[in-house]
Amino acid sequence: MEEPDTEPPLVVVPGADPSARQLCFAWGPAEVLVCETRFGRADAGEGAPGSSRVFVVRRDQDIYIQTLRKLFNESHGIFMGLQRSEEELAGKSRKAQLVQVSKNYRSVIRACMEDMHQAAVSTRDPALQGQYSTQVSILSAMELIWNLCEILFVEAAAAGPLLLRLLDWVRLHVCDVDSMVREVLSSENPSKHKLFWNVVDVFVLQGRMDEARHLLSKEVTANPTSMNMYKILDDLMKKMPMPSLGNTQTLTELELKWQHWHEECQRFLQDGTFASNPHMESICKILVGDEDAILEKKELMTTWYHFLVTRLLYSHPTVKPMELRFYAQSSMDLFLGGESSPEPLDMILMAAFEFEMHQVIKECSIVLSNWWFVAHLTDLLDHCKLLQSHNLYFGSNMREFLLLEYASGLFSHHSLWQLGVDYFDHCPEFGRVYLELHIERIPLNTEQKALKVLRICEQRQMHEQVRSICKIMAMKALRNNRLGSALSWSIRAKDAAFATLISDRFLKDYCERGCFSDLDLIDNLGPSMLLSDRLTFLGKYREFHRLYGEKRFPEAARLLLTLMTAHIAPCSFWMTLLTDALPLLEQKEIIFSAEQTYELMRCLEDLTAGNADKQKFQEDDVETTKVEMLRLALARNLARVIVKEGTVEGS
């Protein structure tokens, strides 16, 4: 599988004209961006100015088909159940479990196919109808291939039961007979219907003897002269030995019984017992395995693999699995007869009959329009321990490579990406690397989606991606002036610089409006406020306002002084803090002690001592008034404190 057998097909981008303009492109994880340049072809001269178009070319277009959502969603649950299944189950128990998983996958394919068929019937749009019909055909082929792989690889049916499984396979997937049966049985005189013998022949070709005998009994009722021939043919059909699923008989016993029955059929045929009734004679020829007689019913069988199973039923019912390849190849050659060449589906089925699992997967990867089928089938076969020895030349094994491709396609969808996360989780070698690369490309359109992505990253300890997502959301919130949300995201990102920036915005808003926004967030910062000094100041400053509002003035005063003397507050905010001290200085009760008052005075002098600040205060009348009021209040408070402390000492 290292090199392709053929050149990749040419993809035509509708609307793009490479002969008129040069095209440029950029590869993405699951799609290609193609755009027109301003340059014309060398032989066409310089391109005229004009608008350029951009085209998005997607590989997995199927994931955007709404009716296939059921396939992706429900198969995800089956896949996860298989990964969690008890690996210690061995022998028959493990095989039965894997066969059941395979049947579950097939039931999802069939349910999706039925939904698609209903959609095709109900729609009036011819284009949509064609699209749905195409998808029905693809899903039908997928189920056909999967069912055969289940019989040959997962269940690994042995000689005897193998034929019964193949008969069920043909009956399930060749459904044309059902409509014929309904038409014949609903007629007034079924035996006179033009399709009567066609239906009988199809029943015989599919080994449905009881139904064939029931229909033949209607012929005898309408034509009593054929009673004797009918009884002999009915007896032959009734006595036909068939393999059993249980261990009730050995292969040797079955072969002996079948040989005796076969000889009896030949004897009646050679005696000319059915010579007067060509239809019954034809049926007897089929019973003895006459290939020419079976091929005469080519139109009823429609496919070479139906011919193969019928041929095995009447000529080699105890066929062994490894003998299938010879019968399959000769049956396809006989059936097609050089009139037509095999289709891709024929080649896939042939590879399965030849037990070439890797070829089946390779051909399906080329033919099918998405990775769903090969990814899930390969995973199942890997759990069956059938692909353990096959590693790809670039490091990963086949199972992981296909799962990575499938999950990458899911990540290009706006909601199915969530399923892709679990597929990456179960790729031990490269899954985490792929997840890290893809999850960074998810558009974070809403906060709810961002939280969902963030939770996925946190569960997997993807710390770099967590920080990246939080920074992106914090920046978006800041652009929209949602400071509370921006601060919350920056705290989750543990980004001290960004938290400082947002804290400054909070303080700036406070200075302009006189109140804080997002009080609940600031009141409940807790240990998060230690992320940066500015955030610590914001939390403590809000705490000062809360203490002041609760009239706990001494505590508020101590906290205010601490914010200034510890140099946590930015210098540009000192005037605001000193102004906040004014109401406390003017209280009837003395709040600041002499030492605290001296500290406030020193802070005020430090603020006004700088050359730039000094010039600012001289030019701004409002600031000058504030400084004078603060000096007056501080002097008055100091005088009150000295008087009070002196009185206390004197007494």
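This is a predicted model, so every value here is computed, not measured.

A.B. asks: I tried to follow the overall build of the protein on my own but got confused; where do I start?
C.D. replies: Helix and strand content of the protein: 31 helices and 3 strands. Taking all 651 residues of the protein together, 46% fall into the buried category. Of the roughly 33300 Å² of accessible surface on the protein, a fraction of 53% belongs to carbon and sulfur atoms.

A.B. asks: When you look at the packing of helix α9 (residues 251-270) against helix α10 (residues 278-287) in this model, what are you seeing that I'm missing?
C.D. replies: Interaxial distance between α9 and α10 falls to 9 Å at its minimum, and their mutual angle equals 150 degrees. It follows that α9 is roughly antiparallel to α10 by the angle criterion. The two elements α9 and α10 cross, and the hand of that crossing is left-handed. Seen from α9, the contacting residues are Trp261, His262, Cys265 and Leu269; seen from α10, they are Glu281, Cys284, Lys285 and Leu287. For the contact of α9 with α10, a count of residues per class yields 5 nonpolar, 1 polar and 2 charged.

A.B. asks: Where do I start with helix α16 (residues 357-367) in this structure?
C.D. replies: Structurally, the α-helix is built with 3.6 residues per turn, so residues lying three or four positions apart point the same way. Looking at α16, one finds that the buried residues are Met357, Val360, Ile361, Lys362, Glu363, Cys364 and Ser365. On its buried face, α16 is in contact with α3 (126-154), α15 (344-353), α17 (372-383) and α18 (398-410).

A.B. asks: Could you clarify how one ought to interpret a nonpolar patch on the surface in this entry?
C.D. replies: Judged by side-chain polarity, Leu33, Val54 and Val56 come together as a nonpolar surface patch covering roughly 260 Å² of accessible area. Here Leu33 is to be found in strand β2 (residues 31-40). On the accessibility criterion, Leu33 (42% relative accessible area) is partly exposed.

A.B. asks: Where do I start with the nonpolar core in this structure?
C.D. replies: A general trend in soluble globular proteins is that nonpolar side chains are found buried together. The biggest cluster of nonpolar side chains holds 193 residues, and the ones touching the most others in it are Leu166, Trp169, Leu287, Trp304, Phe353, Trp372 and Phe373. With sequence-adjacent residues up to four places away left out, Trp304 is seen in contact with Ala328, Ser331, Met332, Phe335, Asp346, Leu349, Met350 and Phe353.

A.B. asks: So what exactly am I meant to see when it comes to the pattern of salt bridges here?
C.D. replies: Tallying each qualifying case throughout the model produces 25 salt bridges. One salt bridge connects Glu143 with Arg106, and the closest N-O pair in it is separated by 4.0 Å. On the criterion of sequence distance, the pair formed by Glu143 in helix α3 and Arg106 in helix α2 (residues 91-122) is long-range, its members being 37 residues apart. The buried category is assigned to Glu143, whose relative accessible area is 2%. Here Arg106 falls in the buried class, since its relative accessible area comes to 12%. Between Glu150 and Arg106 there is a salt bridge; the shortest N-O distance is 2.9 Å. In this pair, Glu150 sits in helix α3 while Arg106 sits in helix α2, placing the two residues 44 residues apart along the sequence.

A.B. asks: Explain the packing of aromatic side chains here, please?
C.D. replies: One pair of aromatic rings is described through two measures. These are the centre distance and the angle between the planes. All chains considered together, the criterion is met by 18 aromatic pairs. Judged by centre distance (6.3 Å) and plane angle (40 degrees), the ring pair of Phe72 and Tyr406 falls under tilted. Placement of Phe72 in helix α1 (residues 69-84) and of Tyr406 in helix α18 is noted, with a sequence separation of 334 residues between them. Note on Phe72: relative accessible area 0%, which makes it buried. By relative accessible area, Tyr406 is classed as buried at 2%. Seen in terms of ring centroids, Phe153 and Phe355 are 5.7 Å apart; in terms of plane orientation they differ by 70 degrees. Their pairing is edge-to-face. Linking Phe153 in helix α3 with Phe355 in the loop between α15 and α16, this pair joins segments that are 202 residues apart in sequence. Ring pairs connect the aromatic residues Phe72, Phe79, Tyr406 and Tyr423, which therefore count as one cluster.

A.B. asks: For this particular structure, what's the right way to read α10?
C.D. replies: Inspection of α10 places Met280, Ser282, Ile283, Cys284, Ile286 and Leu287 among the buried residues, and these make up the whole buried set. Next to the buried residues of α10 lie α6 (196-205), α7 (209-222), α8 (227-239), α9, α11 (291-295) and α13 (304-315). In the stretch just after α10, Gly289 is the one whose phi turns positive, near 80 degrees.

A.B. asks: Help me understand the environment of Met564, please; the structure alone is not making it clear to me.
C.D. replies: Take Met564: it is sitting in helix α27 (residues 553-565). A relative accessible area of 0% places Met564 in the buried class. Once the C-alpha coordinates of Met564 and Phe537 are considered, the two residues, 27 residues apart in sequence, prove to be 9.9 Å apart. If we ignore the near neighbours within four places in the chain, the residues touching Met564 are Trp574, Leu577, Leu578, Leu600 and Cys603.

A.B. asks: What is the right way to look at unusual backbone geometry in this model?
C.D. replies: Excluding glycine, residues mostly have negative phi values, and the peptide bonds linking residues are mostly trans. One non-glycine residue, Ala156, adopts positive backbone phi at about 50 degrees. On the secondary structure map, Ala156 appears in the loop between α3 and α4 (161-173). One non-glycine residue, Asn481, lies in the positive phi region at around 60 degrees. Counting through the fold element by element, Asn481 comes out in the loop between α22 (463-479) and α23 (483-493). For Asn481, a relative accessible area of 47% translates into the label partly exposed.

A.B. asks: Can you help me understand the packing of α15 against α16 in this one?
C.D. replies: In a packed pair of helices, the relevant descriptors are the angle between the two axes and the axis-to-axis distance. At a minimum axis distance of 8 Å, the contact between α15 and α16 shows a crossing angle of 160 degrees. Taken together, the axes of α15 and α16 lie roughly antiparallel to each other. The element α15 and its partner α16 pack so that their crossing is left-handed. Only Gln359, Val360, Glu363, Cys364 and Val367 of α16 make contact with α15, whose side of the interface consists of Pro344, Ile348, Ala351 and Ala352. Each residue belonging to the contact of α15 with α16 can be placed in one class, and the counts come to 7 nonpolar, 1 polar and 1 charged.

A.B. asks: I tried to follow the confidence of the model for the protein on my own but got confused; where do I start?
C.D. replies: Detailed reading of the predicted coordinates is not advisable wherever pLDDT is low. Averaged over all residues, the pLDDT of the protein is 83; the fraction at 70 or higher stands at 86%. Put simply, helix α30 (residues 611-619) is where the protein has its lowest mean pLDDT, 53, and α15 is where it has its highest, 95. Within the model, the stretch residues 44-48 combines pLDDT values under 50 with 8 contacts to residues more than four positions away or in other chains.

A.B. asks: Whenever I open this one, the side chain of Asp379 confuses me. Can you help?
C.D. replies: Structurally, Asp379 is set in helix α17. Of the residues examined, Asp379 reaches a relative accessible area of 0% and is grouped as buried. Those residues in contact with Asp379 that sit more than four places away from it in its chain are Phe79, Leu82, Gln83, Arg399 and Leu403.

A.B. asks: I keep staring at the environment of Ala111 and nothing clicks. Help me out?
C.D. replies: Here Ala111 lies in helix α2. Since its relative accessible area comes to 23%, Ala111 is described here as partly exposed. When the C-alpha positions of Ala111 and Leu139 are compared, they lie 10.0 Å apart, and in sequence the two are 28 residues distant.

A.B. asks: Help me out: how do you make sense of the environment of Glu400 in this one?
C.D. replies: Mapped onto the fold, Glu400 is located in helix α18. By relative accessible area, which is 1% here, Glu400 ends up buried. Measuring from C-alpha to C-alpha, the distance between Glu400 and Asp379 comes to 8.2 Å, with 21 residues separating the pair along the chain. Those residues in contact with Glu400, other than ones at most four positions away along the chain, are Cys427, Pro428, Glu429, Phe430 and Gly431.

What counts, and at which threshold
- Numbering of residues starts from 1 in every chain and runs along the sequence as written.
- The model is predicted, so local features are restricted to residues of pLDDT at least 70 and side-chain atom pairs to those at 80 or more, both for listing and for counting; the totals for chains, interfaces and linings are taken over all residues.
- Heavy atoms throughout the structure, all of them, feed into the side-chain values; hydrogens and water do not.
- In DSSP terms, a helix is any run of H or I states spanning at least four residues, a strand is any run of E spanning at least two, and both are numbered starting from the N terminus.
- A 1.4 Å probe rolled over the protein chains alone gives each residue an accessible area, and that area as a share of the maximum for its type sets the label: buried under 20%, exposed over 50%, partly exposed in between.
- Accessible surface area values rest on a Shrake-Rupley calculation with a 1.4 Å probe, where residue burial reflects the displayed protein chains alone.
- Note on geometry: axes are lines fitted to C-alpha atoms, helical ones only across the stretch in contact, with angles between N-to-C directions running from 0 to 180 degrees.
- Roughly parallel refers to an angle under 35 degrees, roughly antiparallel to one over 145, roughly perpendicular to one between 65 and 115, and oblique to any angle outside these ranges.
- Handedness of a crossing is defined here by the sense of rotation of the near helix relative to the far one, left-handed for an anticlockwise turn of less than a right angle and right-handed for a clockwise turn.
- Any two residues whose heavy atoms approach within 4.5 Å are treated as being in contact.
- Lys, Arg, Asp and Glu make up the charged group, whereas Ala, Val, Leu, Ile, Met, Phe, Trp, Tyr, Cys and Pro make up the nonpolar group; the residues left over, Gly among them, are polar.
- Within the patch definition used here, like charges are joined within 9 Å and nonpolar side chains (Val, Leu, Ile, Met, Phe, Trp, Tyr) within 5 Å, considering only residues with over 30% relative accessible area and no salt bridge.
- Definition used for salt bridges: Asp or Glu carboxyl oxygen within 4 Å of a side-chain nitrogen of Lys or Arg.
- The definition of a nonpolar core used throughout is a set of buried Ala, Val, Leu, Ile, Met, Phe, Trp, Tyr and Cys residues joined through side-chain atoms within 4.5 Å.
- Between rings of Phe, Tyr and Trp, where Trp is taken as its six-membered ring, a pair exists when centres lie within 6.5 Å; planes separated by under 30 degrees are stacked, by over 60 edge-to-face, and by other angles tilted.
- pLDDT is a per-residue confidence score from the predictor, ranging from 0 to 100.

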